[in-house]
Amino acid sequence: METNNPIRLTAPEMASLWTQYIFDTMSICFFRYALEHIEDHDVKSIYQTALGLSQKHVQKITEFMVNENYPIPHGFTEKDDVNIQAPRLFQDPFYLNYIYIMTLQGMTGYSLSIGTSIRSDLRKYYITCMSETMELFDQSIDLMLSKGLFVRPPVISPPESIDFVKHQSFLTGWLGDRRPLNAIEIGDITFNMLKMHYMLL
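The text that follows walks through the structure, step by step, so that each part is easy to find. Values in this document were obtained by computation on a predicted structure and should not be read as measured data.

## Thoughts on the nonpolar core
Core analysis: the biggest nonpolar cluster contains 44 residues, and L17, Y47, Y95, I99 and Y100 have the highest contact counts within it. Elements that contribute at least two residues to this core include exactly α1 (11-35), α2 (41-67), α4 (92-116) and α5 (120-146). Among all residues touching Y47, those that are not within four sequence positions of it are F30, F31, A34, L35, I38, Y95, Y98 and I99.

Right under this line is the structure:
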């Protein structure tokens, strides 16, 4: 089997392309549905940008697949998987929160794709995707803040001095003597809570 690129895609590279293709075709369906119902001009503008990015990604991934003689994945389609004329399910604040969470997921996924991509053209592609997603993340969080929709994580008071772990009991968590969570633990819990929140809705 001959390809247009002498360096074949590795299994992790193909897995990343397949995963992004499925995710972006799903996103196109959801974004088109959302744009039928969103009333807030600022939120609609972010969704129009996101839709354009997903469409561009699907086109680029298709090019990668064709050049490698791989079949195009069977992604989500408007014909089979969504009715954009269906009644409104969500209010505008939900749509804004959703795009914020999806950009968090996207940045996580793109960093993994960059780290597992060896071929230069793929690395450049994912770096571009990461940059676009970071910009969308920045816009969404700024808009949430301006509308009073973003709940900031907890704040901890500055300690009087640095300290070190002196006993193994520090690691026992809920099983031994309880202690306050440290900043790293709060940060990890916050990130995972944000990512999981909308997966449970």
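## Overview of the packing of aromatic side chains
Under the counting rule described, the total for this entry stands at 13 aromatic pairs. Seen from their ring centres, Y100 and F137 are 5.7 Å apart, and the 25° between their planes marks the pair as stacked. Highlighted residues: Y100 in helix α4 and F137 in helix α5, separated in sequence by 37 residues. Under the relative-accessibility criterion, Y100 is labelled buried at 4%.

## Details of α2
With 27 residues, α2 ought to run about 39 Å at 1.5 Å a step, and its terminal C-alpha atoms sit 39 Å apart, in line with that. Listing the buried residues of α2 in full gives V43, I46, Y47, A50, L51, L53, S54, H57, V58, I61, F64 and M65. Contacts from the buried residues of α2 go to α1, α4 and α5. With a side-chain oxygen positioned 2.8 Å from the backbone nitrogen of D42, the residue opening α2 is D40. A positive backbone phi angle near 60° is found at N69, which sits one or two residues after α2.

## Let's talk about the environment of M130
Tracing the sequence through the fold places M130 in helix α5. Through-space distance from the C-alpha of M130 to that of T103 is 9.5 Å; in sequence the pair is 27 residues apart. Those residues in contact with M130 that lie beyond four places of it in its chain are M107, Y110, S111 and I114.

## Regarding the pattern of salt bridges
The final tally for this structure, using the stated rule, is 9 salt bridges. One salt bridge in this structure joins E63 and K60, with 3.7 Å as the shortest N-O distance. Placement of the pair is E63 and K60 together in helix α2, with a separation of 3 residues, close to one helical turn. Given a relative accessible area of 37%, E63 falls into the partly exposed group. Note on K60: relative accessible area 33%, which makes it partly exposed.

Parameters at a glance
Residues numbered from 1 in each chain as written. Predicted model: local features only at pLDDT ≥ 70, side-chain atom pairs only at ≥ 80, totals over all residues. Heavy atoms only, no water. Core = buried A, V, L, I, M, F, W, Y, C linked by side-chain atoms within 4.5 Å. Buried < 20%, exposed > 50% of the residue type's maximum accessible area, 1.4 Å probe, protein only. Helix = DSSP H or I, 4+ residues; strand = E, 2+ residues; numbered from the N terminus. Contact = heavy atoms within 4.5 Å. Phe/Tyr/Trp six-rings, centres within 6.5 Å; stacked < 30°, edge-to-face > 60°. Expected span 1.5 Å × (residues − 1). Polar contact = N/O pair within 3.5 Å; in protein donor to acceptor, adjacent residues only side chain to side chain. Salt bridge = Lys/Arg side-chain N within 4 Å of Asp/Glu carboxyl O.

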